[in-house]
Amino acid sequence: MQQQAITALRQSLQTASLPFVEGEPLAAHTTFRIGGPATFWCTPQDRPQLRGTLACCKKQGVRVYLLGNGSNTLFADEGFDGAVVDLRALTGPLTVQPSGNEVLLTAGAGLTLGHLCGEAQQRGLTGLEFACGIPGTVGGAVYMNAGAYGGELKDVLEEVTFLDEELKERSLPVSRLQMGYRTSVFEKNPAWCILSATVRLRHDDAGAVLDRMQEFLRRRKEKQPLEWPSAGSTFKRPQGAFAGRLIEQCGLRGFTVGGAQISEKHCGFVINRGGATCADVVSLTEQVRKIVEQKTGYVLEREIRVVK
């Protein structure tokens, strides 16, 4: 950013009494623990502050990156030249509405999936068990149509409320959200900011729901390298195969570049063994893609978002 734009945005945010800091290290806010500083780190506490922050950035022509739990994001080592808007404070309110024999549960975009799954379980509601171990927020889950163990968010999603590029609040039903494998209409419209999501769940015994959640969590702990910083599954699943198995078949278990490594526990994960840089991860994934394509014919696509 040019100094003039930095000064103008700083003054705009200060005048509007909007919370922000400058030079915040992004590595502290992603599960990969990688990334340089953000020119501006904005932390709106409610929807009016969010709208005001986005309005200030738009007026000054400053680019924006909307961040949830940082569980699928890899920031550049140089950081982000613009404003990173942290949405984690936008958690509620959580609302419950009966709908025939089902229940509509609405949560703010900043609420973690784990929290939402816990709320559903305590109310004896089923449908979200597959998501209980996904380390993202509701907004991030909508953005990428998060899924695991045969379930996807689109299976239970009813409606999403968001701010469009003109900062007008809108709502769309799931049928208009273009939900696909790890994608949605929001990926195609990065200026749209998810505010909340409504899921449609069914009644069930709370104990049975808890048992299923605990089984999924047990399987995650057993098979995934949760003890290391990572961004979850590094590559999307290619049609007709599994990324981790292809990588393993190519003899790349434990393959390392700098501080980044293909997990020895699960080859579908790239982990930060300590001191890994964005450049390490990008180099590793590019080499893995090339080797897998040469040896198997499959073209792997990164699932993690690399933000420069």
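For every chain, the first residue of its written sequence is number 1, and the numbers climb from 1 along that sequence. pLDDT decides what is reported in this predicted model: residues at 70 or higher carry local features, side-chain atom pairs at 80 or more are listed and counted, and totals for whole chains, interfaces and linings draw on all residues regardless. Neither water nor hydrogens contribute to the side-chain values; these are computed over all heavy atoms in the structure.

Time to look at the sheet that holds strand S1 (residues 20-25). Only strands joined by at least two bridges in the DSSP assignment are considered to pair. Working definition: helices are DSSP H or I runs of at least four residues, strands are E runs of at least two. Numbering for both runs from the N terminus. As summarised here, the arrangement of the 4 strands in space is S1-S2-S5-S3, forming an open sheet in which the pairing is mixed. On the outer flanks of this sheet lie S1 and strand S3 (64-67), each paired with one strand and no other. When strand polarity is set aside, the average angle formed by the axes of neighbouring strands in this sheet is 35 degrees. Sheet contacts for helix H1 (residues 3-15): S1 and strand S2 (37-42); angle to S2, the most-contacted strand, approximately 20 degrees. Across the face of the sheet, helix H2 (residues 47-60) comes into contact with S2, S3 and strand S5 (80-86) while running at roughly 165 degrees to S5. Every axis corresponds to a line fitted to the C-alpha atoms, with the helix fit spanning only the stretch in contact, and the corresponding angles, defined between N-to-C directions, vary from 0 to 180 degrees. Residues count as neighbours in contact if any of their non-hydrogen atoms are within 4.5 Å of one another.

Another aspect to go through is the packing of helix H3 (residues 113-122) against helix H6 (residues 206-223). Put simply, H3 and H6 touch, their axes get as near as 8 Å, and they point 150 degrees apart. Comparing the axis directions of H3 and H6 gives the class roughly antiparallel. Where H3 approaches H6, its residues Cys-117, Gly-118 and Gln-121 are matched on the opposing element by Ala-206, Val-209, Leu-210 and Met-213. Angular relationships are summarised with four words: roughly parallel below 35 degrees, roughly antiparallel beyond 145, roughly perpendicular across 65 to 115, and oblique for the angles in between.

Turning next to the sheet that holds strand S16 (residues 260-262). Each strand in a sheet pairs with another by means of backbone hydrogen bonds, the pair being arranged parallel or else antiparallel. Read from one edge of the open sheet, 4 strands run S14-S17-S16-S15, paired in antiparallel fashion. In the strand order of this sheet, the two ends are held by strand S14 (230-233) and strand S15 (256-257), each with one partner. Examined bridge by bridge, S14 and strand S17 (residues 269-272) share 2 bridges and lie antiparallel to one another. Each residue of the ladder has a partner; that of Ser-230, found in S17, is Ile-271. In this fold helix H8 (residues 278-296) packs onto S15, S16 and S17, with an angle of close to 30 degrees to the strand it touches most, S16.

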